[in-house]
Amino acid sequence: MPVALVRFDDETGAPARDASGRCIRCAPHEPGEALGQVLGANGATRFEGYTDGAASASKILRDVFGAGDTWYRTGDLMRQDEQGFFYFVDRVGDTFRWKGENVSTTEVAGVVAACPGVADAAVYGVRVPGTEGRAGMAALVAAPDFELGELRRALVARLPDYARPLFIRIVTAIELTGTFKLRKQELALEGFDPARVRDALYMDDAVRGTYVPLDAELHALISAGKLRL
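So, here is what we can say about the structure in this document. Quick caveat, the model's predicted, so the values are computed rather than measured.

The helix and strand inventory of the protein chain stands at five helices and 14 strands. When the 229 residues of the protein chain are sorted by exposure, 39% land in the buried category. For the protein chain, the share of sequence-separated contacts (at least 6 apart) that also reach a separation of at least 24 residues comes to 57%. Total accessible area computed for the protein chain in this model is approximately 12,800 Å², and 50% of it derives from carbon and sulfur atoms.

Encoded structure:
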């Protein structure tokens, strides 16, 4: 089957390559970007491309596993089990890296949305000065029975520490794009700065085991690297 899963580099936003310049196949159950091999006019798989030539070129990878081979990027992060079955994980760009681990925003958002008192949720990664990767942040619509303490208890029970949102933003609604996708890019750009965000912000205080209000003073400590996350 002309499909392969290769390791994805979250920092570069492209498939990772080894010292010889070749892409690295994923091990069973290891998430990676799905690639489809372009076999040419007489082959089983063709990539017609987009009307925008630059957009088409960005989807094509060459010399992936050997000199001269050509593959197209699907933009889907998937994993494959030992029997060859594929499982969808996330879309490229919807996964971020924190504390050396890959975090799927789709999987985390599903857990957050299932917590008591949460009516809707969007999860994304935000840059934190002085740290590698991106920290998890959840924008959520709170129902009348929402409690921060109950949210944290549910997340601790269902998610590993690296996947739990470090920051919480309470919003009245989560906007969608014209194609009904969450406007997570705009949320990520606004980050966790209370000077830019008018919504209520909270940070997970692991020492006290609770979410605490994120004000300008706390934000300054984080940005200066004086508070270890």
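Moving on: helix H2 (residues 105–113). Those residues of H2 that sit buried are Thr105, Val108, Ala109, Val111 and Val112. All buried residues of H2 project into a common sector of 160 degrees when viewed along the axis, lining one side.

Tracing the backbone shows Arg158 in helix H3 (residues 148–158). Sequence separation between Arg158 and Cys115 is 43 residues, and the spatial gap between their C-alpha atoms is 9.9 Å. Once you skip the residues sitting within four places of it in the chain, Arg158 turns out to touch Val111 and Ala114.

So, about the pairing of strand S11 (residues 135–142). On any regular strand, side chains alternate: one points to one face of the sheet, the next to the other face. The element S11 is largely enclosed, with a buried count of seven among its eight residues. One ladder, built from eight bridges, connects strand S10 (residues 118–126) with S11; its direction is antiparallel. Opposite Tyr124, over in S11, you have Met137 as the bridge partner. Pairing of S11 with strand S12 (residues 167–171) involves five bridges; the strand directions are parallel. Bridge pairing in S12 places Val141 opposite Val171.

Moving on: the packing of aromatic side chains. Note on aromatic pairs: each is described by the distance of the centres and the angle between the planes. Evaluated as defined, the whole model comprises two aromatic pairs. Ring geometry for Phe65 against Trp71: centres 5.3 Å apart, planes inclined by 85 degrees, an arrangement best described as edge-to-face. Using a relative accessible area of 5% as the deciding quantity, one classes Trp71 as buried. A centroid spacing of 4.3 Å and a plane angle of 5 degrees characterise the contact between Phe167 and Phe192, whose relative ring orientation is stacked. Placement of the pair is Phe167 in strand S12 and Phe192 in the loop between helix H4 (184–190) and strand S13 (200–205), with a sequence separation of 25 residues. The pair formed by Phe167 and Phe192 is uniform in burial state, with each residue classed as buried. The positively charged end of Arg25 is found above the aromatic ring belonging to Phe65, 3.8 Å away from the centroid. One cation-aromatic arrangement involves Arg79 over Tyr87; the distance from NZ or CZ to the ring centre is 4.5 Å.

Parameters and conventions
Residues numbered from 1 in each chain as written. Predicted model: local features only at pLDDT ≥ 70, side-chain atom pairs only at ≥ 80, totals over all residues. Heavy atoms only, no water. Helix = DSSP H or I, 4+ residues; strand = E, 2+ residues; numbered from the N terminus. Buried < 20%, exposed > 50% of the residue type's maximum accessible area, 1.4 Å probe, protein only. Contact = heavy atoms within 4.5 Å. Areas by Shrake-Rupley, 256 points an atom, 1.4 Å probe, with all protein chains shown as cover. Arc of directions from axis to C-beta. Pairing = 2+ DSSP bridges. Phe/Tyr/Trp six-rings, centres within 6.5 Å; stacked < 30°, edge-to-face > 60°. Lys NZ or Arg CZ within 6 Å of the ring centre and 35° of its normal.

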